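Residue-level structure breakdown
Chain by chain, the residues:
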Amino acid sequence: MTLADPTVTRVDVVALPTYYPRRVGRNARLGSHGTGGESRVAVISTDTRHTGWGLVEGPGGDVADVVGHPLSDLVDPAGGTRHERHLWLDIALHDLLGVVQDLPVHALLGGRGDRSVEVYDGAIYLDDLDPDDLDPDDLDPDDAPRGPQVVLENCRSDAAAGYTGFKLKIGRGHRWMDRAAGDARDVEITRRVREAWPDAKILVDANDGYDLDGFCRYLDAVADVGLYWVEEPFPDDPGDLAALRRHRDVVSPATRIAEGETAPDVEALLPVAERHDIDVLLMDVVSFGITRWRRLVPRLADAGVEASPHAWGRPLKTLYAAHMAAGLGGMPIVEGVPGRTDGVDASGYVFVDGHLTVPDRPGFGLPLPRP
Ligand SMILES: [Mg+2]
């Protein structure tokens, strides 16, 4: 039997309105994250009426360089997108390949993980710093920051949607609060979430909003919380990461150190991870992409390093990350971006009790979006 090798006839990029369940506030470094924005997706059509589609981020690429090529020129079933210049279509090409081969992406990737993937809530931002109403045209003298209680409310509302683990943004003292008061608020919120959810996985992400000494003080103050991981505590520095790891080994030995979300040079981080000063690498689902993860995961497995592709700010990215976890293995938990994308039918995915089960349908199991 010869597998179909369709020729690409067109590539369309469309923007799909996207909605978080609520306005998402600041992190340690950036202002409000808004209400969802738009997800830009590429739809690849072929002469055999097979179609594949997926999220694109960044500048995109040259459509004319793709149209007219057979799929086999663009993507290798064993390795992924063949050419660097086509990586902007990495997600859509994997979807199309799965559709053509009648295989779900997790199977294309090797089926090394479980189809049911643990997903944590990645939407617990610094909403305590903002008033309920951010509308500049509707300023109300009573508008005041909502305080820590709203962070607990956000956790509760996401728990009602199925989440059992939470990643808390911290680092309030970096830009938004006085250092000591901000650090104290970080500790207070971490402890209050633990009190409310004694069994939850709690992760924290400082978006580089601490320095080494400050972060070690935070870790001391929450040592009994049993954090699952600490993410980007301070700007990457191998010496600081080694010092944090030594401190972690003493005060909170089960807590993982997660890094690499924005790493400009992954090869420079690998030796740090191989020394186990980083436990989990976080390069992005789309901008790093499936193809590069396919190459990297076997090296991480040899080194005993875990992975969890960064998925914030598009709900679609969580679905792709779950396929990577189910396919590549070595990704015990992935980032959940609560919300929905207009025109996208994700009903093939089942999310219950903190676990997302990926569909056994071709590609990513997502019908073409209907704008
Ligand atoms: Mg992060």
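This one's a predicted model, so the numbers in the text were calculated from it and none came from an experiment. (Residues numbered from 1 in each chain as written. Predicted model: local features only at pLDDT ≥ 70, side-chain atom pairs only at ≥ 80, totals over all residues. Heavy atoms only, no water.)

**Examining the layout of surface pockets**
Filter applied, for reference: The pocket and cavity definitions rest on a 1 Å grid over protein atoms only: a 1.4 Å probe that fits but cannot leave marks a cavity, an open set with protein on both sides within 12 Å along at least five of seven lines marks a pocket, and residues lining either have an atom within 4 Å of a point. Grid points are joined across faces, edges and corners, and a volume is the space filled by probe spheres set on the points. Only DSSP runs of H or I with at least four residues qualify as helices, and only runs of E with at least two residues qualify as strands; both kinds are numbered from the N terminus onward. Side-chain classes follow a simple rule in which Ala, Val, Leu, Ile, Met, Phe, Trp, Tyr, Cys and Pro form the nonpolar group, Asp, Glu, Lys and Arg form the charged group, and the remainder, Gly included, forms the polar group. What fixes the domain bounds is an automatic or database domain assignment.
Size it by volume and the largest pocket reaches roughly 450 Å³. Every residue lining the largest pocket is counted, 21 residues in all, and those nearest its centre are Tyr163, Pro315, Val337, Pro338 and Gly339. Mapped by element, the contributors of at least two residues to the lining of the largest pocket are helix H4 (149–160), helix H11 (315–328), strand S14 (340–341) and strand S15 (350–352). Counting residues per element, the lining of the largest pocket draws most heavily on H11, which supplies four residues. Classifying every residue of the lining of the largest pocket by side-chain character gives 15 nonpolar, four polar and two charged. Quantified by volume, the second largest pocket comes out at close to 270 Å³. In this structure, the second largest pocket is lined by 20 residues; those nearest its centre are His33, Glu261, His310, Trp312 and Gly313. Here the lining of the second largest pocket is composed, by residue class, of four nonpolar, six polar and 10 charged. Both domains that meet at the lining of the second largest pocket, namely domain 1 (8–103) and domain 2 (116–357), each give it at least three residues.

**Section: the packing of helix H9 (residues 266–274) against helix H10 (residues 289–303)**
Quick note on the threshold: Every axis in this analysis is a line fitted to C-alpha atoms, fitted for helices over the stretch in contact. Angles between the N-to-C directions lie between 0 and 180 degrees. Should an angle fall under 35 degrees it is called roughly parallel, over 145 degrees roughly antiparallel, and 65 to 115 degrees roughly perpendicular, with every other angle called oblique. In this scheme the handedness of a crossing depends on how the near helix is turned from the far one: anticlockwise by less than a right angle means left-handed, clockwise means right-handed. By definition in these notes, contact holds between two residues if any of their heavy atoms fall within 4.5 Å.
Viewed as axis vectors pointing N to C, H9 and H10 meet at an angle of 20°, and their least axial separation amounts to 10 Å. With respect to H10, the axis of H9 lies roughly parallel. With respect to the hand of their crossing, H9 and H10 are arranged in right-handed fashion. Between H9 and H10, the residues in contact are Val266, Glu267, Leu270 and Glu274 and Leu296, Arg299, Leu300 and Ala303, respectively. In the contact of H9 with H10, the residues fall into five nonpolar, no polar and three charged.

**Description of a negative patch on the surface**
The line we're drawing: Patches here: salt-bridge-free residues with over 30% relative accessible area, like charges joined within 9 Å, nonpolar side chains (Val, Leu, Ile, Met, Phe, Trp, Tyr) joined within 5 Å. Computed with the Shrake-Rupley method and a 1.4 Å probe, the accessible areas treat only the protein chains shown as cover for residues. Any carboxyl oxygen of Asp or Glu within 4 Å of a side-chain nitrogen of Lys or Arg constitutes a salt bridge here. For the charge count, each Lys or Arg is scored as positive and each Asp or Glu as negative, with His and the chain ends excluded. Where a charge sits is defined by one atom per residue type, namely NZ (Lys), CZ (Arg), CG (Asp) or CD (Glu).
A contiguous patch of negative charge, built from Asp135, Asp137, Asp138 and Asp140, is present on the exposed surface. One can find aspartate 138 in the loop between strand S6 (116–124) and H4.

**Here we look at the pattern of salt bridges**
Rules: In this scheme, a residue with accessible area under 20% of its type's maximum is buried, one over 50% is exposed, and one in between is partly exposed, where area comes from a 1.4 Å probe on protein chains only.
This structure, assessed with the given rule, holds 28 salt bridges. Linking arginine 275 and aspartate 277 is a salt bridge whose minimum nitrogen-to-oxygen distance equals 3.8 Å. On the basis of relative accessibility, which here comes to 5%, the residue aspartate 277 falls in the buried class. Among the ionic contacts, a cluster of salt bridges with common partners joins Arg245, Arg248, Asp249, Arg275, Asp277 and Asp279.

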